[in-house]
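Chain by chain, the residues:
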Amino acid sequence: MQAALRPLISEPPAPAASEPFFPPQLLARLDKNGPRYTSYPTADRYHGGFGEQDYRQALQQRRAVTPDEPLSLYVHIPFCDSVCYYCACNKVVTRHHERAARYLDALAQEIALHVRELGAGVPVSQLHFGGGTPTFLSDDELTRLMQDLRASFRFEPEAEISIEVDPRTATPARLAHLRQLGFNRLSFGVQDFDPKVQVAVHRVQSFDDVRTLMQSARALGYDSVNVDLIYGLPLQTTESFTRTISQVVMLRPDRIALYAYAHLPERFKPQRRINDADLPDRATRVGLLSSAIDGFLQQGYTYIGMDHFALNTDALAIAKQRGELHRNFQGYSTQPDRDLVALGVSAIGRIGNTYSQNAKGLDAYYAAIESGQFAVERGLALNADDVVRREVIMDIMCQGRVDFARIEARHGLRFGDYFSRELLQMANLAELGLVNLRAGEVQVTGLGWYFVRAVAMAFDGYLRSVSTSASYSRII
Ligand code: SF4
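Residues numbered from 1 in each chain as written. Predicted model: local features only at pLDDT ≥ 70, side-chain atom pairs only at ≥ 80, totals over all residues. Heavy atoms only, no water.

Side chains Glu441 and Gln443 project from strand β20 (residues 441-444) onto one buried face, and the interleaved Val442 and Val444 project onto a second face that is buried too. Alignment of strand β18 (residues 401-403) against β20, held across three bridges, turns out to be antiparallel. Pairing of arginine 401 across the sheet is with glutamine 443, part of β20. Examined bridge by bridge, strand β19 (residues 435-438) and β20 share four bridges and lie antiparallel to one another. Considered in β20, the bridge of leucine 437 is made with valine 442. Counting the residues that bridge the hairpin from β19 to β20 gives two residues, and of these glycine 440 lies at a positive phi of roughly 85 degrees. (Buried < 20%, exposed > 50% of the residue type's maximum accessible area, 1.4 Å probe, protein only. Helix = DSSP H or I, 4+ residues; strand = E, 2+ residues; numbered from the N terminus. Pairing = 2+ DSSP bridges.)

Dropping the structure here:
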């Protein structure tokens with residue numbers, strides 16, 4: 001049966017005022033640390049035993065087996081003009097824009113290394129520039145980078161070409177230049193419009209400036225505009241965040257990503273500049289998230305899952321309705337999870353059943369690339385158990401449903417035997433109203449979508465003890 005003919009996924013209803021999105025008794029049991037499952041196994045499972053030679057072999061195998069399958073590309077630009085105190089990204093804060101020149105040379109060399117292994121002209125269906133701040137680069141530098149990519153890969157006519165834009169480093173003229181280069185999707189980092197919150201996180205940008213950019217993006221014909229927000233930031237209140245949500249809704253982005261701030265100052269140095277006493281308490285965090293969900297649902301957005309919303313008419317919302325969602329390192333997507341070639345410092349890619357991550361420091365990255373080696377520092381070759389669990393977890397995260405017969409047919413196992421322990425956990429979650437456990441399938445309920453990570457975690461083969469989840473962010 002085709003996916004489009006399957007029953008539509010249950011959409012979370014907007015609860016009545018007396019009905020919280022996150023019932024306290026569920027929060028008490030389920031609001032623990034958990035992965036976001038942009039990959040499975042998650043990146044903290046990668047290890048140094050997987051290195052440059054393993055990555056090279058994975059590329060060679062791809063060339064031998066699926067040379068003409070379209071690729072996704074990711075390019076990481078690590079530089080930022082100033083630091084945002086909540087930041088947990090891999091970045092280099094500098095005012096020295098001339099530092100980009102050597103980086104672009106290295107990217108060109110890294111592209112050439114890939115062409116040597118994959119062949120020239122491999123089709124590309126998706127390209128994403130992330131960071132750091134991709135718009136740290138000048139127009140000329142962005143032009144050069146796109147020329148290098150287009151000279152080595154063959155972009156499909158309908159390819160999604162997207163870039164993260166820091167509104168503080170963009171103007172309408174800059175958006176026009178990006179459009180000329182072929183970018184058709186933008187993602188604006190907004191986080192919060194409240195002036196006090198912006199000062200507290202050292203990221204000040206006015207609503208008017210973002211509105212001007214949004215209007216330009218529409219006039220320039222970008223296919224999709226995304227806005228990123230964060231809840232749980234210092235000085236946020238339910239009232240202030242409700243104002244931010246109203247302002248975002250006025251801008252009418254096609255998609256919204258709403259991330260939970262994870263305060264881990266022992267791991268991320270910039271976060272030490274945040275005053276702990278200014279952080280919203282747990283009850284306020286739940287209120288922030290609930291008011292955001294409520295505001296978006298009431299204004300014509302669909303809750304996609306985890307931290308994503310999309311206009312009801314957007315391709316992502318339609319894909320969810322049809323059970324055709326996918327998930328990759330950028331979050332939810334309408335495109336199948338293709339092999340991903342990741343370029344630049346710290347970038348994570350996926351080739352076949354392998355994941356790999358480049359060196360996190362610029363010195364190590366340059367040393368490898370400039371000596372003609374890939375900069376892969378760690379990675380993972382999935383075993384058979386990883387592969388089956390990845391499929392089950394992605395079915396939960398994307399379709400909200402696991403069809404036992406499909407998994408059995410694809411992996412030659414008996415679902416009830418292989419996942420006997422997990423099915424006991426599903427029975428517990430069914431009692432909580434998060435899943436429906438029927439003959440031959442698990443289906444996530446409307447309520448369960450808000451806790452979908454907790455459902456997926458039951459199938460994570462690496463989460464056998466509480467201590468292993470300490471490095472993840474909380475579910476709410
Ligand atoms: S949040 Fe983005 S712009 Fe801010 S410091 Fe981190 S990477 Fe740079």
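Still to come is the rest of the account.
Turning to the site of the ligand, a few remarks are in order. The full set of residues close to the ligand is Cys80, Ser82, Val83, Cys84, Tyr86, Cys87, Cys89, Gly132, Thr133 and Arg203. Among the residues forming the shell around the ligand, the class breakdown is six nonpolar, three polar and one charged. (Near = heavy atom within 4 Å. Nonpolar A, V, L, I, M, F, W, Y, C, P; charged D, E, K, R; others polar.)

Turning next to the side chain of threonine 143. Structurally, threonine 143 is set in helix α4 (residues 139-152). With residues up to four places along the chain from it excluded, the contact list for threonine 143 reads His177 and Leu181. (Contact = heavy atoms within 4.5 Å.)

Moving on, we get to helix α10 (residues 315-322). What α10 keeps buried is the set Leu316, Ala317, Ala319 and Lys320. In an axial view of α10, the angular spread of the buried residues amounts to 160 degrees, which keeps them on one side of the axis. On its buried face, α10 sits against β9 (255-260), β10 (301-305), β11 (308-311) and β13 (331-333). Between the side-chain oxygen of the N-cap and the backbone nitrogen of leucine 316 there are 2.8 Å, and the N-cap of α10 in question is aspartate 314. Two residues or fewer after α10 comes glycine 323, characterised by a positive phi angle close to 70 degrees. (Arc of directions from axis to C-beta. Polar contact = N/O pair within 3.5 Å; in protein donor to acceptor, adjacent residues only side chain to side chain.)

Time to look at helix α3 (residues 99-118). Within an α-helix, residues lying three or four positions from one another point in the same direction, as the helix has 3.6 residues per turn. Relative to the 28 Å expected for 20 residues at 1.5 Å per residue, α3 spans 29 Å between its end C-alpha atoms, a close match to the ideal helical length. Along α3, the positions that sit buried rather than exposed are Ala100, Tyr103, Leu104, Ala106, Leu107, Glu110, Ile111, Leu113, His114, Glu117 and Leu118. The first or second residue beyond α3 is glycine 119, which carries a positive phi of 90 degrees. (Expected span 1.5 Å × (residues − 1).)

Take the domain arrangement of the protein chain next. Along its sequence, the protein chain is organised into domain 1 (16-37 + 383-463) and domain 2 (43-343). Its C-alpha centre places domain 1 at a distance of 27 Å from the equivalent point of domain 2. Of the residues lining the interface, 17 residues belong to domain 1; the matching set on domain 2 comes to 21 residues. Counting each side, the surface lost to burial between domain 1 and domain 2 is near 1,600 Å², with a carbon and sulfur contribution of 62%. At the junction of domain 1 and domain 2, the tally comes to one salt bridge. Ionic pairing is found between aspartate 307 and arginine 36, a salt bridge with its closest N-O pair at 3.1 Å. Scanning the region where domain 1 abuts domain 2 turns up six residue pairs in polar contact (both at pLDDT 80 or more). When residues of the side of domain 1 that touches domain 2 are traced back to their parent elements, those giving at least two are α1 (24-30), α12 (384-399) and α16 (452-457). (Domains from an automatic or database assignment. Buried area = accessible area lost by both parts, 1.4 Å probe. Salt bridge = Lys/Arg side-chain N within 4 Å of Asp/Glu carboxyl O.)

Turning next to the confidence of the model for the protein chain. When pLDDT is averaged across the protein chain, the result is 92; 93% of the residues are at 70 or more. Low pLDDT (under 50) marks residues 1-10, which in the prediction has 20 contacts with non-local residues, meaning those over four places away or in another chain. The low-confidence segment residues 465-470 (pLDDT under 50) makes six contacts with residues lying over four places distant or belonging to another chain. (pLDDT = per-residue confidence, 0-100.)

Okay, the packing of aromatic side chains next. The full count for this structure, using the stated rule, is 21 aromatic pairs. When the ring of phenylalanine 329 is compared with that of tyrosine 355, the centres are 5.9 Å apart and the planes differ by 80 degrees; the resulting orientation is edge-to-face. With phenylalanine 329 in the loop between β12 (326-328) and β13 and tyrosine 355 in strand β16 (residues 354-358), this pair connects stretches of sequence that are 26 residues apart. The class for phenylalanine 329 is partly exposed, based on a relative accessible area of 21%. In this structure tyrosine 355 comes out as buried when scored by relative accessible area, which is 2%. Taken together, the ring pairs in this structure connect Phe79, Tyr103, Phe136, Tyr365 and Tyr366 into an aromatic cluster. Here the basic side chain of lysine 320 rests over the ring of tryptophan 449, its NZ or CZ set 4.0 Å away from the ring centre. (Phe/Tyr/Trp six-rings, centres within 6.5 Å; stacked < 30°, edge-to-face > 60°. Lys NZ or Arg CZ within 6 Å of the ring centre and 35° of its normal.)

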